[in-house]
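Fold and geometry: a report
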Amino acid sequence: MVQSLGYLKESPSQTAGPYVHIGCVPTFAGIEGVYPADLGKTMVNDNTRGERIAITGRVIDGTGTPLKDAMLEIWQADAAGLYNSPSETRGLADPEFSGWGRQPTDGKSGVYRFETIKPGRVPWPDGRMQAPHVSLWIVARGINIGLNTRMYFGDEEAANAEDPLLNRIELKVRVPTLVAKRDGDTYHFDIVLQCENETVFFDI
Amino acid sequence: MRNSPVETGAFFPRDREWHPKAYAPGYKTSVARSPNQALISFGNSISEITGPTFGQAMLGPLDNDLILNFAKAGESAIGERIIVHGRVLDERGRGVPNVLVEFWQANAGGRYRHVKDNYFAPLDPNFGGCGRCISDEDGAYVFRTIKPGPYPWPNGVNDWRPSHIHFSVFGSGFAQRLITQMYFEGDPLIPLCPIVRTINDPVAIAQLVAAQDMANTIPMDTRAFKFDIVLRGRRSTLFENRMEGN
């Protein structure tokens, strides 16, 4: 016999379903007046420090069709590379930037868009610096457990080349699926759920 | 509640056998929306162990009362009045304080207030179907609503969703992010549902079934259901910050 570890099991995930908007972005579902605004819709104000950028793209299924009912969340460091979180012990992040955003894909075009700032670099556990990146979490009808991925910046070639996580992806041919192309102030980042050019998803 | 230090540990690995698989052909929509390639695993960095926080200040007084938060003055939503309460815990059994819990659901007839839902059951003019709250220092949360109705959905020719409430839960780190669904004790549709059946282990399914809680039921008023939510646990950082050779 042996002592029990006594750990609980994580609640199993279930799909967000087609009506995720009601709970998470209610104005998108046509529900007005319950909350003042959809949470996470606006990430940046006039006092936020950092370079203004937009991140836009689609979430594409195995038939090549963009999802029109997906929801994405992003989590990122501020311009100085600090997270606005109690678990951030390296310093105090920009109080004018929460680092978290939430957007649905458009019901007609399937396009999502975040207006944010470009994050600074943060360390890997061994102290090496990671390339600037944004963490993404994608849910939708038909997605049984939220998908975790990251977006890196196409104009950060030197940082990307030394990024500890990108370097441990064995199939180098897949690395470009994590790198967004820059066009002016906008980064284009399509997320491909399966088949050709399937985005790298992470088990974090 | 003890004065707990700031949580900076990495998360327990996710048990991917316990969760539903991405590809679950009984739930047809998952077929074209599931990655084919293996997930790439890596230990948590600061990007995964940190996460957004939300303060009580953002909540309105009716945010956790779905009976009233969309209703006209003096009116209320139609249906069985229920309280749903429980704790947000982590795998270590500790309450997780200050986490945002959001919920959404169909009305008593099984109809969602959403442009994509065209089921025959009528909308309730006094029911929106969304609510939210933030867990207290012990991880406890509570809200009041009406019991959602079951409804048919296009998957197999005769598939019905059991009564359920969708939950979106934050933790203290972005890697804890979770969306799941709560079912109701005794619902005969639970074992038939293709979405429930994306979960393989019956013990895992049972973890999503709220128990009727007569102790917390308000007599002559509102029935209670208890639903605890478990998020990933964090490792102790005691030896992880001690560099070799230092």
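This is a predicted model, so every value here is computed, not measured.

Helix and strand counts for chain A come out as three helices and 10 strands. Each helix and strand of chain A, ordered N terminal to C terminal, gives the series α-β-β-β-β-β-β-α-α-β-β-β-β. Over its C-alpha trace chain A gives a radius of gyration of 18 Å, about what one expects of a compact globule, namely 17 Å for 204 residues. Considering chain A as a whole, with its 204 residues, one finds that 59% of them fall into the buried category. In chain A, of all internal contacts separated by at least 6 residues, the share reaching a separation of at least 24 is 66%. Here chain A has roughly 8400 Å² of accessible surface; of this, 51% comes from carbon and sulfur atoms. In chain A, the 20 positive side-chain charges and the 27 negative ones have mean positions that sit 2 Å from each other.

Moving on, we get to the interface of chain A and chain B. Between chain A and chain B, the residue contacts involve 75 residues of the former and 90 residues of the latter. Across the interface of chain A and chain B, roughly 7100 Å² is buried in total on both sides, 58% from carbon and sulfur atoms. Summed over the shared surface of chain A and chain B, the number is seven salt bridges. With a closest N to O distance of 3.0 Å, Arg-33 of chain B and Asp-69 of chain A form a salt bridge. Viewed at the interface, chain B and chain A are joined by 48 residue pairs in polar contact (both at pLDDT 80 or more). Of all the elements in the fold, those that place two or more residues in the side of chain A that touches chain B are α1 (20–24), β2 (71–75), β3 (100–104), β5 (133–139), β6 (147–153) and β10 (202–203) of chain A. Of the strand pairs in this sheet, β10 of chain A and strand β1 (residues 40–41) of chain B are connected by two bridges, and their pairing is parallel. Residue pairing across strands places Asp-203 of chain A opposite Ser-41 of chain B, the latter belonging to β1 of chain B.

Taken as a whole and judged by the stated rule, the model has 27 salt bridges over all chains. Its salt-bridge partner being Asp-15 of chain B, residue Lys-9 of chain A comes within 2.5 Å of it at the nearest N-O pair. One end of the pair, Lys-9 of chain A, is in the segment before α1; the other, Asp-15 of chain B, is in the segment before β1, on a second chain. The partly exposed category is assigned to Lys-9 of chain A, whose relative accessible area is 32%.

A few words now on the nonpolar core. Val-84, Val-88, Tyr-141, Phe-167, Phe-227 and Ile-229 of chain B are the most contacted members of the largest nonpolar core, which totals 70 residues. The element contributing the most residues to this core is strand β9 (residues 178–184) of chain B, with five residues. Apart from residues no more than four positions distant in its own chain, Ile-229 of chain B is found in contact with Ser-11 of chain A together with Arg-87, Val-88, Leu-89, Tyr-141, Phe-167, Val-169 and Leu-178 of chain B.

Here we take up the side chain of Glu-73 of chain A. All names here are of chain A. Assignment of secondary structure puts Glu-73 in strand β2. Glu-73 sits in the buried class, given a relative accessible area of 0%. Of note is the side chain of Glu-73, whose polar atom sits 3.2 Å from the side chain of Trp-100. Among the polar contacts made by the side chain of Glu-73, one reaches the side chain of Arg-102 at a distance of 2.9 Å.

This paragraph deals with the packing of aromatic side chains. What characterises a pair of aromatic rings is the spacing of the ring centres plus the angle enclosed by the ring planes. All told, the structure shown has 21 aromatic pairs over all chains when counted by the stated rule. Measuring from ring centre to ring centre gives 5.3 Å for Tyr-7 of chain A and Phe-12 of chain B, while their planes differ by 65 degrees; the resulting arrangement is edge-to-face. Taken together, the residues Tyr-7 of chain A in the segment before α1 and Phe-12 of chain B in the segment before β1 connect one chain to another. Note on Tyr-7 of chain A: relative accessible area 48%, which makes it partly exposed. Ring pairing ties together the aromatic residues Phe-103, Tyr-141, Phe-143, Phe-167 and Phe-227 of chain B, which thus form one cluster. Across the ring face of Phe-184 of chain B, the terminal group of Lys-147 of chain B is positioned such that the distance to the ring centre comes to 5.1 Å.

Procedures and definitions
- Residues numbered from 1 in each chain as written.
- Chains lettered and ligands numbered in written order.
- Predicted model: local features only at pLDDT ≥ 70, side-chain atom pairs only at ≥ 80, totals over all residues.
- Heavy atoms only, no water.
- Helix = DSSP H or I, 4+ residues; strand = E, 2+ residues; numbered from the N terminus.
- Rg over C-alpha atoms; globule rule 2.2 N^0.38 Å.
- Buried < 20%, exposed > 50% of the residue type's maximum accessible area, 1.4 Å probe, protein only.
- Contact = heavy atoms within 4.5 Å.
- Areas by Shrake-Rupley, 256 points an atom, 1.4 Å probe, with all protein chains shown as cover.
- Lys, Arg positive; Asp, Glu negative; His and termini not counted.
- Charge placed at Lys NZ, Arg CZ, Asp CG, Glu CD.
- Buried area = accessible area lost by both parts, 1.4 Å probe.
- Salt bridge = Lys/Arg side-chain N within 4 Å of Asp/Glu carboxyl O.
- Polar contact = N/O pair within 3.5 Å; in protein donor to acceptor, adjacent residues only side chain to side chain.
- Pairing = 2+ DSSP bridges.
- Core = buried A, V, L, I, M, F, W, Y, C linked by side-chain atoms within 4.5 Å.
- Phe/Tyr/Trp six-rings, centres within 6.5 Å; stacked < 30°, edge-to-face > 60°.
- Lys NZ or Arg CZ within 6 Å of the ring centre and 35° of its normal.

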